[in-house]
Amino acid sequence: MPDSTRSQLLRGYAPIAIVIALLALVPLWSGDSRSMMTVVTTGLAFGAYAVAFNLIFGSTGQLFLCVGALAGIGGFGSAILSERTAIPFVVTMLLAMVLAAGFGALLSWVAVSRSLDTIFTGIVTLAFSLSFENFVLGRQDLTGGENGLRVEAGSDTVLGGQISPYYVFLAMLAAYLVLFRIIQTSHFGWAFRALRDDEVAAELSGIDVARYRIYAAAVGSAMLGLTGATFAHYRSFIGDSTYAFGNVDVRVLVMLAFGGIGTVLGPVIGATVFTVVDELLVDYASLREVIYGVVTLVLFLSFRQGAVPAFTGAVGRLLGGGRTLGSAAVEDGSGGAPEPPDGGGPGGSPADEVATEETAESR
Amino acid sequence: MGAVLVDGFVLGLQFGILGVGLTLVYGLGGVVNLAHGQMAVMAAIVTARLIDRGVSTAIAIVIGIAAAGLLGIIIDRTIMQPVYRDQTDHRVLLGLLLMLGVGFVIDGVLEWRYPIEALNLRVGGDPVSLFGLKIRRGSIWASAIIGLIGVALVLFFRFTTFGRATRSVIQDEEGARLCGINPAMVRTVIFGLSGALAGSVAMIQAMTSPVVSTAGVGLTIFALIVAVVGGLGSVSGAFLAGILLGIVNTLSAFYIGTFVSSIILVAAAAITILLRPQGLLSRA
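Everything numeric in this text was worked out from a predicted model, so none of it was measured. (Residues numbered from 1 in each chain as written. Chains lettered and ligands numbered in written order. Predicted model: local features only at pLDDT ≥ 70, side-chain atom pairs only at ≥ 80, totals over all residues.)

(A) Spatial organisation of the overall build of chain B. Looking only at helices and strands, chain B has 12 helices and four strands in total. The C-alpha radius of gyration computed for chain B amounts to 18 Å, which stays within 12% of the reference 19 Å derived for 284 residues, consistent with globular compactness. Here the C-alpha coordinates of chain B stretch approximately 55 × 45 × 35 Å along the principal axes. Within chain B, the fraction of its 284 residues that count as buried is 55%. Across chain B, contacts joining residues at least 24 apart in sequence account for 78% of those joining residues at least 6 apart. (Helix = DSSP H or I, 4+ residues; strand = E, 2+ residues; numbered from the N terminus. Rg over C-alpha atoms; globule rule 2.2 N^0.38 Å. Buried ≥ 20, exposed ≤ 12 C-beta atoms within 10 Å, placed from the backbone. Contact = placed C-beta atoms within 7 Å.)

(B) A look at the environment of V40 of chain A. Residue and element names in this part refer to chain A. Here V40 is to be found in helix 3 (residues 34–60). Through-space distance from the C-alpha of V40 to that of S113 is 39 Å; in sequence the pair is 73 residues apart. Those residues in contact with V40 that lie beyond four places of it in its chain are V26, S30, Y166 and T275.

(C) Structural view of the environment of Q162 of chain A. Residue and element names in this part refer to chain A. As for its placement among the helices and strands, Q162 is situated in the loop between strand 1 (149–150) and helix 8 (164–185). Note: C-alpha distance between Q162 and R235 (73 residues apart in sequence) is 11 Å. In this view, Q162 contacts R34 and M37; residues no more than four positions away in its chain are not counted.

(D) Structural detail: the packing of helix 8 of chain A against helix 11 (residues 209–235) of chain A. All names here are of chain A. Close contact between helix 8 and helix 11 brings their axes to 11 Å; oriented N to C, the two are set at 175°. On the basis of the axis angle, helix 8 is roughly antiparallel to helix 11. Across the interface between the two elements, P165, V168, F169, M172 and Y176 of helix 8 pack against M223, T227, T230 and Y234 of helix 11. For the contact of helix 8 with helix 11, the per-class residue count stands at seven nonpolar, two polar and no charged. (Axes fitted to C-alpha atoms, helices over the stretch in contact; angles between N-to-C directions. Parallel < 35°, antiparallel > 145°, perpendicular 65-115°, else oblique. Nonpolar A, V, L, I, M, F, W, Y, C, P; charged D, E, K, R; others polar.)

(E) Molecular detail of the confidence of the model for chain B. Overall, the predicted model of chain B reaches an average pLDDT of 88, with 99% of residues at or above 70. Interface confidence in the predicted complex, given as ipTM, is 0.88; pTM for the same model is 0.85. (pLDDT = per-residue confidence, 0-100.)

(F) Quick peek at the interface of chain B and chain A. With 40 residues of chain B at the interface, the matching set in chain A holds 42 residues. Those elements that place two or more of their residues in the side of chain B that touches chain A are helix 5 (91–113), helix 10 (216–230) and helix 12 (258–275) of chain B. For the side of chain B that touches chain A, the element with the highest residue contribution is helix 5 of chain B, accounting for 16 residues.

Put into structure tokens, the structure is as follows:
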């Protein structure tokens, strides 16, 4: 018994540890360049956003189209509080986190208390994003509007260095991944899975579907708020574009869809890949949204499991069951039978089979 | 106050038409078109480009609207097909995500190619006095055109065979199929009609204020809120909700500030979902 628990622990947390250890090496080659460090640190922040979004969307199927707005509540909330009051910025970050969690829970409560919740979640959160952006532009006295806001607090701490912020975000990402994994293996995780697989059956077996959705939204929004707040103190300048829908939500959705919705490491893989892609395409920055849109369409039309799980699944089959890091992450991610909320057929068909099926169908 | 009310009414009519297009597509195929506003803006930018190149305004407007309609038909016939085939619970989510992707692409192309392009069809001349109110000529034209569109829609859905077929598919797709109606064909035509309606709204809006190439997401969200408040799938509900929300939006923007009006709109959607999820008009 203790032996199997230990191997389970290894299986669950070893991939996380390996990925974090690999990411910890990144400053070895990028540490000399301040701009490169900004790129990779921002990449980690997006990884953290994607893990939080994964908890809300991947685990409970709530399409929260307000990732940027919730992060922005954290960022602007902490920035404004720390500038205008004497509260230390670490405390304002936590307060802003709680504020974001409250908004996330409220949005989820509005949407999931009725049937048609998939649609309502998308609509309410998208509308919320718009009103957040209008608020940032409209209340110039608080947020600086189009001129942006200088965030002084935190610049004389670890968040002000060249390399140290990277490790702050890395620690945050590691904590989020572990938390995600803990939630997944707890009774919450079982409830999430049950309501994702068959909502009616879950409800009939006594799971309060709406309540679990609201919990997931609150925890995920708290992560978003904390990351957004940390990002604000790290960048020491935030503006209306820092948390804009087009800059945050679009990227986070593509990262998650690419890495594999509902998997533990998918968000990190997606964030890594798209941070590199963004750097490669830095001369075509204005084309970025087009590319992201096309990638979204291709991903959801052909690989509903996410490109990485489909790829590692195919590789794993070629190698005759040889396990790669990615496929291990996938299997752990959803208890052996990965099925993202938008997956096609019923039952737990292996990732590779579904992916080839869908590709054939879409042609 | 009076002039603001008139502005709100005109805006509300535009919201109404946007919401009707969205709600029709949802009613027929279960697809929430998250690219509705982007389709409208695309039509506006097509028209603006054509006018820049010396095409006469009337022809440019017709081509712009037709382009949006054609885009709707293409989307329906291509990337929406897997959604229509999917009979599981995930269908709605897949539709949402794909339309979101379409929205990103349209927005991205507009931002990339025409970041500062805008369509301006401002109707000149002095304001007209009507019942003691000074009303802009553009507003009068806009309301007249929307009135015509509204009447045409009502006549279409009540008295033409195709309109009746559409309503029957919304009510019961299987039943309609048994009566010899082809739901796929109805869906395609209505998706095109919805795009053309969105394009028309962009043209009408350009008569009072310029339509910029970044306006898409905002228009989409207005349309979504209107469709939710009106009750998804209800055409008359969407029209009524559009007028109501247009007036509320303009009044609050005028007296308090734009950011408050968008918060009020979100609150309106939230309250509707909580209290009357079936919409304003329909009975529970």
